[in-house]
Amino acid sequence: MRVQHRHIIYIQGYDPRGLAQYYRMFRTELRKFGRLYQLSATISRPKVAADDEMASWTIETKADDWQTRTSYDFLRFEDFIQRDLASPIWRTVFNAVWIYWRLVFNGTLARFTRANWRFAAFITYPHFVLLLEALGSAGIAFVFMKGLDALGIPAPFSIAASVAIFVALLGTMLKYTESSTYVLYLLSDWIWTWDFAHRARPDWDQRLDRFAQHLVNVAHSSDAEEIVVVGHSSGSFLGTEMLARALKLDPALGRHGPRIVLLTIGGNLPIVGFHAAAKDFREHLRQLAVEPSIDWIDCQARKDVMNFYQFDPIKSHGIEVGNIRRNPTIVAVRFRDIVRADNYETFRWQFFKVHFQFVMANEQPDAYDFFMIVCGPIPLSARMAVPDAALAVATGDPAAREWAWKRIETAKTGALDADDLGGMEPSARRSG
């Protein structure tokens, strides 16, 4: 099958930038994509739904021997996120520290460490920076208190003044270093994740339910050959939740219309699933693991400290489904193959940039290419099953493209056994 019309449903993660910045980024990266592969890609202006919860646009892509139309839905949460980030600094710090130490003492942080020590280090990072800034503020406040003592100020007044100085200094440092440290953003992210795992955010749940109904409506009405639900970063567990809820609304969702594929990229499913309270979420993972009408592709990258690399989303959550398991197909993405060699050594240390490379344009042609997934003519499951053929369709001469299409049309698609993931490790360790 060659895709002529694809419907993408992109669910926003915990990213406060929102629609305007995302659309500008998408449009810029689309132009880079067109230049890389020497094709034409045009994008419409976004249309925002009346409730402001979703925006949509279309992309028309034309190459020498194929063309596609992509309907793109951007599901929005930035109003909730911006509200979180507007919370008083003291409240964010207090709640985040309280949650972090609960993670330590209930063993959840240890589970993160066993699953991926880099991610555990990443979630500890804002607390380490917070500690350094608190120590610096405390040192200045202590010197100020000693100065008041030397002037003969009564101890209760000097202590109260030094505490006020400490609080003011710490708040100021956090606020004015935020653009370089991202501490308050990351702390807010963790507070939200904890609340979401414990079902303490009914507004998020209600919107996810509406998004699940939107997916059902699209599946019933669309003439697309495939619908791809994309979840990047924390959008990975939001997309998983939305799809599972859509299947609850319509158990035949993937059987009577376009093929439905869940694409989780740079995912961090355990930050919800490893909480004891997240029983419903783990049950949704179990359902998707065995659902034959849905394909689930999970892309992971070793260089991204914000995702869980070499992580089995099913077994690692303690879910056993036996031989009936068919999802997800786990794909190792090597950013060294995507980013130009002259940029790679600088790129690899820019952690946020690395994390967002999953949804950016490639600098070099590769089988993993987000914009080829969005705009290309190859069904996503086939693209992941025969990546060499998918790349040949994009870059090969006419003979190579003819060979590639024959391979794609005869390829068997389906889940990769999670045990095979270990086979990806040596190459990823060498050059991922």
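Asks: Honestly, unusual backbone geometry in this entry has me stumped. Any pointers?
Replies: As a rule of thumb, non-glycine residues mostly have phi less than zero, and peptide bonds are mostly trans rather than cis. The residue after Asn327, namely Pro328, is reached through a cis peptide bond having omega -5°. As for its position among the elements, Pro328 is in the loop between β8 (294–300) and β9 (329–332). One non-glycine residue, Asp52, lies in positive phi territory at about 65°. In this fold, Asp52 is placed in the loop between β3 (47–48) and β4 (54–62). The exposure class assigned to Asp52 is partly exposed, which follows from its relative accessible area of 47%. Phi at Gln310 takes a positive value of approximately 55°, unusual for a residue other than glycine. Inspection of the secondary structure puts Gln310 in the loop between β8 and β9. On the accessibility criterion, Gln310 (27% relative accessible area) is partly exposed.

Asks: Before we go on, may I ask you to explain the confidence of the model for the chain in this structure?
Replies: Interpretation of this model should avoid reading the predicted coordinates in detail wherever pLDDT is low. Averaged over all residues, the pLDDT of the chain equals 90, while 95% of them reach at least 70. Contacts of residues 415–432 to residues separated by more than four positions or lying in other chains number 33 contacts, the stretch itself having pLDDT below 50.

Asks: For this particular structure, what's the right way to read the state of the cysteines?
Replies: In protein structure, a disulfide is the covalent linkage between the sulfur atoms of two cysteines. Enumeration according to the criterion identifies zero disulfides in this entry. Cys375 supplies the cysteine sulfur nearest to Cys299, a cysteine that is in no disulfide, at a spacing of 16 Å. The exposure class assigned to Cys375 is buried, which follows from its relative accessible area of 0%.

Asks: Explain the packing of aromatic side chains to me, please; I cannot follow it from the model alone.
Replies: Each pair of aromatic rings is reported with the distance of its centres and the angle of its planes. Counted under the stated rule, the structure contains 42 aromatic pairs. Relative to Tyr72, the ring of Tyr10 lies with its centre 6.3 Å away and its plane at 25°, an arrangement referred to as stacked. Placement of the pair is Tyr10 in strand β1 (residues 5–11) and Tyr72 in strand β5 (residues 67–75), with a sequence separation of 62 residues. Each of the two residues, Tyr10 as well as Tyr72, counts as buried. The interplanar angle of 50° and the centroid separation of 6.3 Å between the aromatic rings of Phe119 and Phe122 together place this pair among those described as tilted. In this pair, Phe119 and Phe122 both sit in helix α5 (residues 117–150), three residues apart, roughly one turn of the helix. Looking at Phe119, the relative accessible area reads 3%, which means it is buried.

Parameters and conventions
Residues numbered from 1 in each chain as written. Predicted model: local features only at pLDDT ≥ 70, side-chain atom pairs only at ≥ 80, totals over all residues. Heavy atoms only, no water. Helix = DSSP H or I, 4+ residues; strand = E, 2+ residues; numbered from the N terminus. Buried < 20%, exposed > 50% of the residue type's maximum accessible area, 1.4 Å probe, protein only. pLDDT = per-residue confidence, 0-100. Contact = heavy atoms within 4.5 Å. Disulfide = S-S within 2.5 Å. Phe/Tyr/Trp six-rings, centres within 6.5 Å; stacked < 30°, edge-to-face > 60°.

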